[in-house]
Amino acid sequence: MRALLCSFACLLVFGEVSDARRGAATFHRTYECAQGHRCQRTARPYELANAVGGSRHASLQACRLVCSPSAGLWPIPTGPMTTGANYLPVNPESLRFPKVNGLGKQAGVFLKSSFDAFKRSLQASCGHECEPARRKVDVRLAVESSNLYLGWETNEAYSLEIATMGSDVTVIISAATVYGARHGLETLSQLIVPVPGSNGTSGLVMLDSANIRDKPVFQHRGLLIDTGRNFLPVRDILRTIDGLASVKMNVLHWHATDTQSFPIEIRGVPLMAMYGAYGPDKVYSVEDMQQIVRHANSKGVRVIVEIDSPSHAGAGWEWGESEGLGKLAVCVNQLPWRDYCIQPPCGQLNPVNPNTFDVLRSIYKELLATFGRNQMMHLGGDELFIDCWNSTEEVTQGMSKMDLGRTSEDFLKVWSSVHKRELEILDEESQQDKSSDKAILWSSQLTAPEHIESYLDKAKFVVQTWVEADKDLNARLLDLGYQLIVSTKDAWYLDHGFWGSTKYHSWRDAYNNRIPQHQGVLGGEACMWGEYVASGSLDARVWPRAAAVAERLWSDPPSKGSTAEAEPRLQAHIDRLRRRTRVLADAIAPEWCDQHEGQCQ
């Protein structure tokens, strides 16, 4: 009897709670544009039927659309920009994509794919039960070139105009290349935001007018991911590419291999993955790599693959002697590891064994077929331990036969000869692809300003620097005429703060880090080194800090030291990432702060 009474009482209590929840569901939060162009949550909730009226907006996103001159865009455009003060209801099916005349078939396919992705992102914002809208939105693309090459010379500028005549809206996106047009569509997608609809549905509204001119400050805007330390599933890489496209980053630097693992399928040399992968289920097949490249290229993102060398090369290279090829790598798994490498396990390519370069040729030849010369261009080149080579009799004897001693300069000659030979092999194996004849190397002892000119041709090698912001390395290399990609160690290294004595760099640190606007600076990259990141933690480690780097590289806003203007726009983009790309970006403040702009700074 007691149990029955309890059950009856519980039903009454739960029934009251359920009724209360149903009542609460008829109320809605609204937002107002306050002084200083900031959106604030209204003091009280309103009944859904009366939520919008006067100065009230039905969603924070809608408020941001008209409250701020920047309309919540990320990255902020670099050219002149005007936006309207009103928005109109639309539906993804309201948008019509007309045929683009005068372009080749492949360029037309790219633009159609970009438009389809644009519509899918809107559908994701609105949900499956998106409120219908009778308004017609014509999107017109004017693109000058059919060229699908994406590199440091590609023109990514675009202009965007939105005009409303009566009940119809016309959008004109003009660009020199399909990639500029894709960026224009990305900006347009950010000018269309969700609002609550009736009966639990949702809808979309878009600005009724806009005029934007935009182009990037830097040509190279990238993120490094590392699959040599910990394997990342293909789905995570594809999702990361979607995030890069959403902030107009154009490079995914794929640090594919390291001494810990070689997770890349090379069909002509299957022993590389057999020996080097963590397991048969942790190998990127040729089909996986092709899928990643296709997806990235369709999003205006270039995949630059890095097979690190001559250091950071252990796993996958152990089989040479058993197959009659001698030692392809030396110091492999040698102990104590601190004497032979930067982190365990050790391993460096054998620079005096010609078979090492034959295997590299086989690897490069296959990867070139997947990535192409313009994407197969990072040779690694950092953290070589001279003590490893110097303690290996085979290496020192081989150097002696080349009339070299064992001085630091002699080892630098051997080191540089490895990279020169690698570059020759790449050029020889890509005779049909003349899109690039350069290679990228990490800054190291070899690239030190006092002797880089003796070893590396500035016309052939680009240096990716990874030093602190207060170091003079960038300025000195620029003075020598070298081109640079900058990865500021104490701002854009996203792994810092999770190991050793390193310090975590917040999105504000990343945003406030400025690199030289110099003709020799191609751009920069944020680096997500993989020792302490795996599938479940990737998104929160990368985002939204990579977005902060993206705006620095696209717009390079002049204000430094204050992120007050940027924070609401970044909050808006965190919401877009979650809705449209399923990227689960980390929080940067309590949600209350997001709903009350400027009050938590």
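Every chain is numbered on its own, with residues counted from 1 as its sequence reads. Where local features are concerned, this predicted model is filtered to residues with pLDDT of at least 70; where side-chain atom pairs are given and counted, the filter is 80 or more; whole-chain, interface and lining totals use all residues. The basis for every side-chain value is the complete set of heavy atoms in the structure, and neither hydrogens nor water enter the calculation.

### Considering the environment of Ser246
We apply this condition: In this description a helix means any DSSP run of H or I spanning at least four residues, a strand means any run of E spanning at least two, and both kinds are numbered starting from the N terminus. Any residue under 20% of the maximum accessible area for its type is buried, any over 50% is exposed, and the rest in between are partly exposed; the area is computed with a 1.4 Å probe on protein chains only. Contacts are assigned to residue pairs with any non-hydrogen atoms lying within 4.5 Å of each other. What qualifies as a polar contact is a pair of N or O atoms within 3.5 Å, subject to a donor-acceptor requirement within protein and to the restriction that residues adjacent in sequence count only when both atoms come from side chains.
With respect to the element layout, Ser246 can be found in helix 5 (residues 234-246). Take Ser246: its relative accessible area is 7%, and that puts it in the buried class. Linking Ser246 and Trp389, residues 143 residues apart in sequence, is a C-alpha distance of 45 Å. If we ignore the near neighbours within four places in the chain, the residues touching Ser246 are Trp74, Glu186, Gln190, His573 and Leu577. Here the side chain of Ser246 touches Gly243 through a polar contact of 2.6 Å, landing on its backbone oxygen.

### Considerations on the packing of aromatic side chains
We describe a pair of aromatic rings using the distance from one ring centre to the other and the angle between the two ring planes. Let me state the cut-off plainly: Planes of paired rings set the category: under 30 degrees apart is stacked, over 60 is edge-to-face and the rest tilted, where pairs are Phe, Tyr or Trp rings (Trp by its six-membered ring) whose centres lie within 6.5 Å. By the criterion adopted, a ring carries a charge over it if an Arg CZ or a Lys NZ lies within 6 Å of its centre and within 35 degrees of its normal.
Going through the model one piece at a time under the given rule, you end up with twelve aromatic pairs. The interplanar angle of 45° and the centroid separation of 5.5 Å between the aromatic rings of Trp442 and Trp529 together place this pair among those described as tilted. Here Trp442, found in strand 20 (residues 439-442), pairs with Trp529, found in the loop between strand 23 (521-528) and helix 15 (538-542); they are 87 residues apart in sequence, far enough to count as distant. The class of Trp442 is buried, set by a relative accessible area of 1%. For Trp529, a relative accessible area of 9% puts it in the buried group. Joined through ring pairs, the aromatic side chains of Phe231, Trp254, Tyr284 and Phe371 make up one cluster. Arg552 extends its terminal NZ or CZ atom over the ring of Tyr511, reaching a point 5.0 Å from the ring centre.

### Description of the pairing of strand 12 (residues 202-207)
Looking along a regular strand, one sees the side chains alternate between the two faces of the sheet. Our working definition: Strand pairing follows a simple DSSP-based rule, namely that at least 2 bridges must link the two strands.
Within strand 12, six of the six residues are buried, leaving the element largely enclosed by the surrounding structure. Across five bridges, strand 11 (residues 192-196) lies against strand 12 in antiparallel orientation. Residue pairing in the sheet places Ile192 in a bridge with Met206 of strand 12. Between the end of strand 11 and the start of strand 12, which pair antiparallel, lie five residues, with Asn199 showing a positive phi angle near 55°.

### Side note on the nonpolar core
For clarity, the cut-off: To define a nonpolar core, start from buried Ala, Val, Leu, Ile, Met, Phe, Trp, Tyr and Cys residues and group those joined through side-chain atoms within 4.5 Å.
Counting residues in hydrophobic clusters, the biggest one holds 109 residues, and the most contacted among them are Trp254, Trp317, Trp389 and Trp543. Sequence-distant contacts of Trp317, defined by excluding residues within four places in its chain, comprise Phe262, Met272, Leu328, Ala329, Leu349, Thr356, Val359, Leu360 and Ile363. In this structure, Val100, Leu103, Leu111 and Leu150 belong to the second largest nonpolar core, which totals 47 residues.

### Some details on the sheet that holds strand 15 (residues 251-257)
Put simply, the rule is: Think of each axis as a best-fit line through the C-alpha atoms, taken over the contacting stretch in the case of a helix, with angles from 0 to 180 degrees between the N-to-C directions.
What the eight strands build is a closed barrel, ordered 14-15-16-19-20-21-22-23; its pairing is parallel. Pairs of neighbouring strands in the sheet enclose a mean axial angle of 30°, with direction left out of account. Relative to strand 23, strand 14 (residues 220-226) is paired through six bridges, and the arrangement is parallel. Residue pairing for strand 23: His220 is matched across the bridge by Gly523. Sheet contacts for helix 7 (residues 286-298): strand 15 and strand 16 (302-309); angle to strand 16, the most-contacted strand, approximately 135°.

### Focus: helix 2 (residues 60-67)
Residues three or four positions apart in an α-helix share a direction because the helix packs 3.6 residues into each turn. Here helix 2 lies mainly inside the structure; eight of its eight residues are buried. Inspection of helix 2 places Leu60, Gln61, Ala62, Cys63, Arg64, Leu65, Val66 and Cys67 among the buried residues, and these make up the whole buried set.

### Regarding the side chain of Thr396
By the element assignment, Thr396 lies in helix 10 (residues 393-401). For Thr396, a relative accessible area of 12% corresponds to the buried category. Only 3.0 Å separates the side chain of Thr396 from the backbone oxygen of Glu393, close enough to count as a polar contact.

### Some thoughts on the pattern of salt bridges
Our working rule: Whenever a carboxyl oxygen of Asp or Glu lies within 4 Å of a side-chain nitrogen of Lys or Arg, that contact is scored as a salt bridge.
For the structure shown, the criterion picks out 32 salt bridges. The shortest N-O distance in the salt bridge between Arg229 and Asp226 comes to 2.9 Å. Residue Arg229 shares its accessibility class with Asp226, and that shared class is buried. In the salt-bridge network here, residues are joined through shared partners; they are Arg361, Arg421, Glu424, Glu428 and Glu429.

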